[in-house]
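What follows is each chain in one-letter form.
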Amino acid sequence: MTDTTDDIAEEISFQSFDDDCKLLGNLLNDVLQREVGGLFMEKVERNRILAQVSFFFCFFVCLTDVMRGCIEYCSSACNMRLAGIEDTAELLEKKLTLEISKMTLEEALTLARAFSHYLNLMGIAETHHRVRKSRNMAPMSKSCDDIFGKLVQGGISPDELYDTVCKQVFFFFFSSWCLEVEIVLTAHPTQINRRTLQYKHIRIAHLLDYNDRPDLGHEDREMLIEDLVREITSIWQTDELRRHKPTPVDEARAGLNIVEQSLWKAVPHYLRRVSNALKKHTGNPLPLTCTPIKLGSWMGGDRDGNPNVTAKVTRDVSLLSRWMAIDLYIREVDSLRFELSMNQCSDKLSKVAHDILERDTSSEDRHEGRGQALSRNPLKHPSQQVPSLPTQLPARADLPSCTENSGGSHYPKLECPGTEYLPLNRQDGQDSPGLESSHDSCHNSIKSLTNGSITSTQSAAALRNSSFTSSALLAQRKLFAESKIGRSSFQKLLEPRLSQQPEIDPYRIVLGNVKEKLMKTRRRLELLLEDLPCEYDSWDYYETTDQLLNPLLLCYESLQLCGSGVLADGRLADLIRRVVTFGMVLMKLDLRQESGRHAETLDAITTYLDMGTYSEWDEEKKLEFLTRELKGKRPLVPPSIEVAADVKEVLDTFRVAAELGSDSLGAYVISMASNASDVLAVELLQKDARLAVSGELGRPCPGGTLRVVPLFETVKDLRGAGSVIRKLLSIDWYREHIIKNHNGHQEVMVGYSDSGKDAGRFTAAWELYKAQEDVVAACNEYGIKVTLFHGRGGSIGRGGGPTYLAIQSQPPGSVMGTLRSTEQGEMVQAKFGLPQTAVRQLEIYTTAVLLATLKPPQPPREEKWRNLMEEISKISCQHYRSTVYENPEFLAYFHEATPQAELGFLNIGSRPTRRKSSTGIGHLRAIPWVFAWTQTRFVLPAWLGFGAGLKGACEKGHTEDLKAMYKEWPFFQSTIDLIEMVLGKADIPIAKHYDEELVSQSRQELGAELRRELMTTEKYVLVVSGHEKLSENNRSLRRLIESRLPYLNPMNMLQVEVLKRLRRDDDNHKLRDALLITINGIAAGMRNTG
């Protein structure tokens, strides 16, 4: 959960919110009384808090009273501080610090767990109330209905509105045109909660939702409370720490879970909202094959600084994503077959249905008596056919298509083929373990190879045995075939022959054929995942999205022609829209690699060819060489070349990209791009791999070439971004390539994290604004369309913030119907973890991009404003860099004052925390940089330097200009508002406490100087915004933050105490666990990690 999600600041029914917090808090206390009260009775009694504090409950004989004592202490201290009684507040905090220092490790550990879980429960309650509010308000602010109506009222004609939403960008294989927004989910390591706990939190959210029902009886409510107690007990008894680092495939599975459990349900609902709003305000619904939103992923493709992401990982994740897509489609087709039981259809559909029946009949006749042939090739000619008619009720078929929760267990789950998985023990149509696909009864009659065949354990052992030869594989196939001989004939005795059936159900016939091909497709993917022989013919499975869409659109067209439009626009329309949105891969996978790795690869190639060393050439020589090779038709890399492992991995990645193509992959992103040659180098390596693969296959590679996207991250590179794009587009080959292969569309990515760490948040924001202006101008000069890809982090220090505010503050002309943006780590779960919040976020993306296209934000009113921004940015950057990079004491202060060194033990990501083995801040990734300061409540990366810049401008007499800029310029206003939000979360007394307890005496003055800088920043932000106190325009958010403080402050004090002990005993694993739990709790209270 995070405060940067939209609408957390809008009005919330705090009575209901408080009721939910009280309910969850009381239940947690009851659980703690039962779980740990007795164990701590004697220990806690020795730690009674002084009874003379009249407003404070003393320690009783159980841990929950310790919690209550800490809460009362901190609550009183917070209230006094808010009331301006600083001295008394400080006295109370010192007493609490003293009591915490007397705690045993066991007491501190358990207290940290309790507070951490309570803060997570508060977060669940906050999210639930956003969901409740979205249900109760009509129209919801920033919804499609709201924004479409305002645009029409504001002078945008209905035709223009409709054309902008539906005819903005050509949409792959159909002749529809639509707004194009792509949300790219990444595995950036900021999600601190284990997936197990995330699922339990989702369960609690569902129970809170159920608790809102007005028709809930007394017994039902008691049962609900029991369910909540069970969930909270389960949470308490679960280890909240990851004991092992996730692999890139684990991270990809987590992303697929978000799709399966939330986005799969949210997308059709969201598209119905778009369609209904369009019909209301323009008279026309959204075309069935048009979707404004697409999804992408970096999980398993982002290899920048992560050696664990290999070419094989990318291939496996892409296949796994396809496997999940097919499995989800099988479930939907099953339900759809049950629903479409009518026999009236169009002549075209009837002919297709009869053709399928005739083909199946002749196929059955041919397969009789062919046991010998079947045993030779059971995979290519499976005897088990999917029956045309469903013989049992599919899972969820009894539920309406809009139902959000799937049947069965409420626990989200995903089990995919793994290393222990044995495809040969399964036949087409049999369920994968743990997945909820429904199947016909004839399939359920055959479970696996049993009764004298081969057992699963034996088969798995055989596959793992290195001596398992091809002859053994053929023997196993023979056993597999023999176990099925005669079963198809027996099945025919149970069912009437097709000629005896009085009528046919044409939709079921067609959809049965779709299901059969889907199951063969899934089976094929399982074989590919296990690197086993795959002998399916191309017409037996689905390869492209349009192959799957054609029969679905045929059914839709038939229902419409027969006057059954109400049926066509139900579950079938939802499935079609899912296919259009998710395609065959759910999320296309981007690849990302650092530009230096490509240069190293070309070094190896040119050295091998006796052409010199590529990286030593100047830019013009590089461009001349690359352009010449790109124009040629021969491969550059000799098949016999021998290269280092790192270079081979780069070449293998391009080979996998050639094998998968643009049907499975999205863009190839070049991090740390700084020159035109960085882009052409990737184009050349891509071209060379495609030539090699095409030659081996004897046919063209699947799909087209990947889009090559330069990522400009540092301030220096951002300043040169426009020049790089101009240079690229001035090259005839490249410009023609963009026009021919990418529809005249150039994509450029801008990075928020590293630019912020490089120069400070304010300077980074201004340089990003100017870079986007320059890139757009460069593309316009050559008549090339541009899509800007925003690499935004979750926290404000890494470019995060409310989606709507961020898009609405972009430079005019930079969002022309298209936009890509990353959603990273914790933000993925916060924004898309529940179907209701996911629908809300998808709408916000859509309406924000639409507004920025039709009503672009205002540019700076006068040149003076730009000059003033330059001046503030210069002062801000100088101040930031002089502190972070030039002060010799700062690095040591950073390590002492924050838990940065210990963050690596969290095991929250597969990639290292540093790009290179260096202790300096320059090579530290932006996430741990921001994460560490967020833990201490100093949040330094978000504001450092900003106060100095504003102060300098105000002292030169520009105060009124700044106030005017805040009122009239959306970019400047959003920048100020985001800094103000961060300052509202900062806590000077807590940051001071870290310094006093952890920092060497010689560096304490540096901390004091930084705290004074924070106070200066707060002062001048309030001057510019005109607010009397922080978050004055965001009172709901301020109240939510204040409500967490009695639980959050003790966590910080506990963390300081544990850090002190751990730094004296750094091999104490129990102390380390206690520290990691405090990190979890503070992240939950701050609603941010990094």
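Please refer to the structure placed before this passage.
Criteria and thresholds
Residues numbered from 1 in each chain as written. Predicted model: local features only at pLDDT ≥ 70, side-chain atom pairs only at ≥ 80, totals over all residues. Heavy atoms only, no water. Core = buried A, V, L, I, M, F, W, Y, C linked by side-chain atoms within 4.5 Å. Buried < 20%, exposed > 50% of the residue type's maximum accessible area, 1.4 Å probe, protein only. Helix = DSSP H or I, 4+ residues; strand = E, 2+ residues; numbered from the N terminus. Contact = heavy atoms within 4.5 Å. Pairing = 2+ DSSP bridges. Salt bridge = Lys/Arg side-chain N within 4 Å of Asp/Glu carboxyl O.

(A) Broad picture of the nonpolar core. Core analysis: the largest hydrophobic core is formed by 158 residues, its most contacted members being Leu263, Tyr329 and Leu586. Broken down by element, the residue count for this core peaks at 14 residues, all from helix α11 (residues 311-339). Excluding residues that lie within four positions of it along the chain, Leu263 makes contacts with Leu185, Ile258, Leu295, Phe582, Phe832, Ala838 and Leu842. Counting 123 residues, the second-largest nonpolar core is a separate cluster that includes Ile100, Leu208, Tyr769 and Leu1071.

(B) A look at unusual backbone geometry. Phi at Lys142 takes a positive value of approximately 70 degrees, unusual for a residue other than glycine. Inspection of the secondary structure puts Lys142 in the loop between α5 (105-136) and α6 (144-153). The backbone of Asp610 shows a phi angle near 60 degrees, a positive value even though the residue is not glycine. With respect to the helices, strands and loops of the structure, Asp610 is situated in the loop between α21 (595-608) and α22 (619-631). The class for Asp610 is exposed, based on a relative accessible area of 73%.

(C) Broad picture of the pairing of strand β9 (residues 785-791). Within β9, six of the seven residues are buried, which leaves the element mostly enclosed by the surrounding structure. Taken together, the seven bridges between strand β8 (residues 745-751) and β9 define a ladder with parallel strand orientation. Among the inter-strand pairings, Gly751 is bridged to a residue of β9, identified as Gly791. In this structure, β9 lies alongside strand β10 (residues 818-824), joined through two bridges in parallel fashion. The residue bridging Phe789 from the neighbouring strand is Arg820, located in β10.

(D) Representation of the pattern of salt bridges in the model. Summed over all chains, the structure comprises 65 salt bridges. Here Glu843 ties to Arg273 by a salt bridge, and the two come within 2.6 Å at their closest N and O atoms. You can see Glu843 sitting in helix α32 (residues 835-854) and its partner Arg273 sitting in helix α10 (residues 248-282), a full 570 residues away along the chain. Given a relative accessible area of 31%, Arg273 falls into the partly exposed group. Through salt bridges that share partners, Glu182, Asp590, Arg707, Glu747 and Arg820 make up one connected network.

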